[in-house]
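Coordinate inspection notes
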Amino acid sequence: MTIVPATPRMDADVLVIGSGAGGATTAAVLAEAGLDVLVVEEGEWIEQGSIVPFSLEQMDRQYRAGGVTVALGLPSIAYTEGRCAGGGTEINSGLYRRPPADVIERWTRDFDIADLDYDEVVSIAGDVEEALDVGVVPGPSTAPSDVLRRGAERLGWQHSEIPRWMKYTNGGSGQRQSMTRTYLPRAMAAGARIATGCRIDSLEMGGRTARSASTTLPDGRRGTIRFGDVFVCGGAIQSPALLQRSRIDGPIGRSLAVHPTVKLAARFADELNVPDDVAVHQVKEFAPELSFGGSASQPGLVALALSDQWATFSKAITDWRRISLYYAAITSEGRGRVRTVRGLHDPIVTYGLTRRDRALLGSGLARLTLLMLEAGAEEVYPSFRGAPIVRAPKDVATMNGSFSASKASVMTVHLCSTIPMGQDRAQCGADSFGRVHGTDNVWVNDASLLPTAPGVNPQGTVMALAIRNARRFAASGRHRG
Amino acid sequence: MLLADDFPDLPPDRRAEVVRFIERRAVTLPSFTRFGVFVIGALYRMLMAAPGGGRIACTLAARPIPIVGDYPRLVRSLGYAYIWDRWPDTTSTGGRR
């Protein structure tokens, strides 16, 4: 392992900012191509297994702002970002979806992306799946996951088990194949260095060229990193924020896309709660507009889900072992923005749901409630203010009548599209391979590049595109000789 | 105050620990959110210092006031999450089981 201390003066041929799904793959591809790569990560390197998944301690140590980040709007949408070596791959559900063919085709057409060949994307996805040990759970799935399968089968709805990037040992539990287990060690084995606890404040531009990066070190000192090229891979919020702080113009941060979700808690006759894992089944009967799945159900999160209507839901909390949380996610037509304001350390994030989004959230919650009842839920507690306890299908209409998105706890974990890739400069902040328009050596290679929300768990798509772009960069011969 | 209303049986030592946790988290909030929480927090403290203000503050906190209402809700939700993360067998009123 080559984890180096961040110092006031550092340099590299290629600086990679961020170490999540985009940054780790970029670093591995470039280092294996023989380039001198330095990865700078704002968070710390935390070994898997040293923290209970989905606990408040994990949120404290591996999430940005302890997991309390909000896109302002009506309603505001809570979101989370990883802030640790490996980024979001260390904290997400670990569910894997291949890049959807129709989505890649639509992006290519609507955003004028050059040379985006689906066969190449699928081939890279195959490499990723092998590297991450993507596969289904050996043996039976957990009780919360089985709820989704059972409810969908009774309703005749499409459902499936989603593969995960998890390595299973005989009789043991799974080991997440996150970036700290896979692509970061690969990058370091090929000579890449990684410095943690170091924030990049801005890129110093000289015309079209970025000359250096200004940093804040773990001890508060300021520093500088000189480089030939820079890959910005801080995720869909931090990447546009950094470019804006660096005074790089263009359509940057104006088109945030997310999969908004609403949640419910469902109580069953028997104990089923699995605090440190999530369900692997998803219900796709109404995809891509709507999909249903299971959420982390640690008791603190169950309390959170019940808190919107505590006066009537509170008694259920003592039964948390018989409760699990589920979500309905939508593909949103709304858009958000990421704005930096001089003097503020963090960007301001906003998001506006459309009328159709609001209606879809309501119908999604109603259908998810029906699914739970069909699966045998005794009581369902939808997460919005004024929600009734639902005990039978006849109550669902009443619940739906009292729902409004502005009273709901809307959340999201899939953030993307703030620097869309493509040749259409009117709507794309970066070109077809991630180079920021109007610059010579500033590249973006993370979820920001996805032109729209893909409608499925996006990590597989982010990794495939990042590897494609990094390979193209390596093949260009920059920094050789 | 918001927590006291929801959890009358939460022992004082636990209440103090929850408040410390919320304060610690508030410091790490993103700049704009932190500013909002502190401003709204100050207004609530002023309101609660006034005669009958406590009841008004709780009523306001329960109302879906756009954006402004999100701040007390955020702080309140942190308390809920902490209590059951730390002491999963807490009763619905905050007591020990």
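Residues numbered from 1 in each chain as written. Chains lettered and ligands numbered in written order. Predicted model: local features only at pLDDT ≥ 70, side-chain atom pairs only at ≥ 80, totals over all residues. Heavy atoms only, no water.

In this section: the pairing of strand β1 (residues 9-17) of chain A. Residues and elements named next belong to chain A. Two elements, β1 and strand β12 (residues 222-232), share eight bridges in a ladder whose sense is parallel. Pairing of valine 16 across the sheet is with phenylalanine 231, part of β12. Bridging between β1 and strand β2 (residues 37-41) involves four bridges; their strand directions are parallel. Across the sheet, residue valine 14 finds its bridge partner in β2, namely valine 37. Handedness of the crossover is the feature at issue here: the chain leaves β1, passes through helix α1 (residues 21-32), returns alongside β2, and the resulting connection is right-handed. (Pairing = 2+ DSSP bridges. Helix = DSSP H or I, 4+ residues; strand = E, 2+ residues; numbered from the N terminus. Right-handed = clockwise from strand over helix to strand, strands pointing away.)

Taken as a whole and judged by the stated rule, the model has 15 aromatic pairs over all chains. Between the aromatic rings of tryptophan 157 of chain A and phenylalanine 292 of chain A, the centroid separation amounts to 6.2 Å while the plane-to-plane angle is 35°, which identifies the pairing as tilted. Taken as a pair, tryptophan 157 of chain A in the loop between α5 (143-155) and β6 (159-161) and phenylalanine 292 of chain A in strand β16 (residues 290-294) lie far apart in primary sequence, 135 residues in all. Taken individually, tryptophan 157 of chain A and phenylalanine 292 of chain A each receive the classification buried, so the pair is uniform in this respect. When the centroid spacing of 4.4 Å and the interplanar angle of 25° are considered together, the rings of phenylalanine 21 of chain B and tyrosine 82 of chain B count as stacked. Here phenylalanine 21 of chain B, found in helix α2 (residues 12-28), pairs with tyrosine 82 of chain B, found in helix α5 (residues 70-86); they are 61 residues apart in sequence, far enough to count as distant. Members of the aromatic cluster, each reached through a chain of ring pairs, are Trp310 of chain A together with Phe7, Tyr80 and Trp84 of chain B. A cation sits over an aromatic face here: arginine 367 of chain A above phenylalanine 286 of chain A, 4.0 Å from the ring centre. (Phe/Tyr/Trp six-rings, centres within 6.5 Å; stacked < 30°, edge-to-face > 60°. Buried < 20%, exposed > 50% of the residue type's maximum accessible area, 1.4 Å probe, protein only. Lys NZ or Arg CZ within 6 Å of the ring centre and 35° of its normal.)

Turning our attention to the environment of cysteine 198 of chain A. Residue and element names in this part refer to chain A. Among the secondary structure elements, cysteine 198 is positioned in the loop between β9 (193-196) and β10 (199-206). When the C-alpha atoms of cysteine 198 and glutamate 42 are compared, they prove to be 4.7 Å apart, with 156 residues separating the residues in sequence. If we ignore the near neighbours within four places in the chain, the residues touching cysteine 198 are Ala6, Val40, Glu41, Glu42, Thr215, Thr216 and Leu217. (Contact = heavy atoms within 4.5 Å.)

All right, on to α5 of chain A then. Along an α-helix, residues three or four apart share an orientation, since each turn contains 3.6 residues. All names here are of chain A. Here α5 spans 18 Å end to end across 13 residues, near enough to the 18 Å set by a 1.5 Å rise per residue. For α5, the set of buried residues is Pro144, Ser145, Val147, Leu148, Gly151 and Ala152. Down the axis, α5 shows its buried residues gathered within 150° of arc, on one side only. Contacts made by the buried residues of α5 are with β6, β15 (281-283), β16, β17 (323-330) and α10 (355-374). (Expected span 1.5 Å × (residues − 1). Arc of directions from axis to C-beta.)

Turning our attention to the nonpolar core. Nonpolar side chains in soluble globular proteins generally cluster together in the buried interior. All names here are of chain A. Core analysis: the biggest nonpolar cluster contains 93 residues, and Phe292, Leu306, Tyr326, Leu371 and Met372 have the highest contact counts within it. Top element by residues in this core is α10. It accounts for eight residues. The next biggest cluster of nonpolar side chains, apart from the first, holds 80 residues, and it includes Val103, Ile113, Ile124 and Leu203. (Core = buried A, V, L, I, M, F, W, Y, C linked by side-chain atoms within 4.5 Å.)

Between chain B and chain A, the residue contacts involve 32 residues of the former and 35 residues of the latter. Interface area, chain B with chain A, both sides summed: about 2800 Å², of which 61% is carbon and sulfur. Measuring nitrogen to oxygen at the nearest pair gives 3.3 Å for the salt bridge that ties aspartate 89 of chain B to arginine 321 of chain A. Of all the secondary structure elements, the ones that give two or more residues to the side of chain B that touches chain A are α2, α3 (31-49) and α5 of chain B. Here the element with the most residues in the side of chain B that touches chain A is α5 of chain B; it accounts for twelve residues. Across the side of chain B that touches chain A, the residue classes tally to 17 nonpolar, six polar and nine charged. (Buried area = accessible area lost by both parts, 1.4 Å probe. Salt bridge = Lys/Arg side-chain N within 4 Å of Asp/Glu carboxyl O. Nonpolar A, V, L, I, M, F, W, Y, C, P; charged D, E, K, R; others polar.)

Each strand in a sheet pairs with its neighbour through backbone hydrogen bonds, running either in the same direction (parallel) or in the opposite one (antiparallel). Residues and elements named next belong to chain A. Pairing is antiparallel in the open sheet, where three strands are placed in the order β5-β7-β8. Sheet topology places β5 (134-135) and β8 (174-176) at the edges, where each strand pairs with a single neighbour. Judged from the two bridges that link them, β5 and strand β7 (residues 164-168) form a sheet pairing that is antiparallel. Counterpart to valine 134 in the pairing with β7 is tryptophan 165.

A few words now on the packing of helix α4 (residues 118-131) of chain A against helix α12 (residues 459-475) of chain A. All names here are of chain A. The contact between α4 and α12 brings their axes to 9 Å, and the two run at 110°. Considering the angle they form, α4 stands roughly perpendicular to α12. Of α12, the residues touching α4 (which contributes Glu120, Val121, Ile124, Asp127 and Val128) are Met463, Ala464, Leu465, Ile467, Arg468 and Arg471. The residue inventory of the contact of α4 with α12, partitioned by class, reads seven nonpolar, no polar and four charged. (Axes fitted to C-alpha atoms, helices over the stretch in contact; angles between N-to-C directions. Parallel < 35°, antiparallel > 145°, perpendicular 65-115°, else oblique.)

What follows is about the side chain of glutamine 309 of chain A. Mapped onto the elements of the fold, glutamine 309 of chain A is located in the loop between α8 (299-306) and α9 (310-313). With near-sequence residues (within four places) excluded, glutamine 309 of chain A lies in contact with Phe384, Arg385, Gly386 and Ala387 of chain A.

Such coordinate-based values are descriptive only and should not be taken to indicate function.
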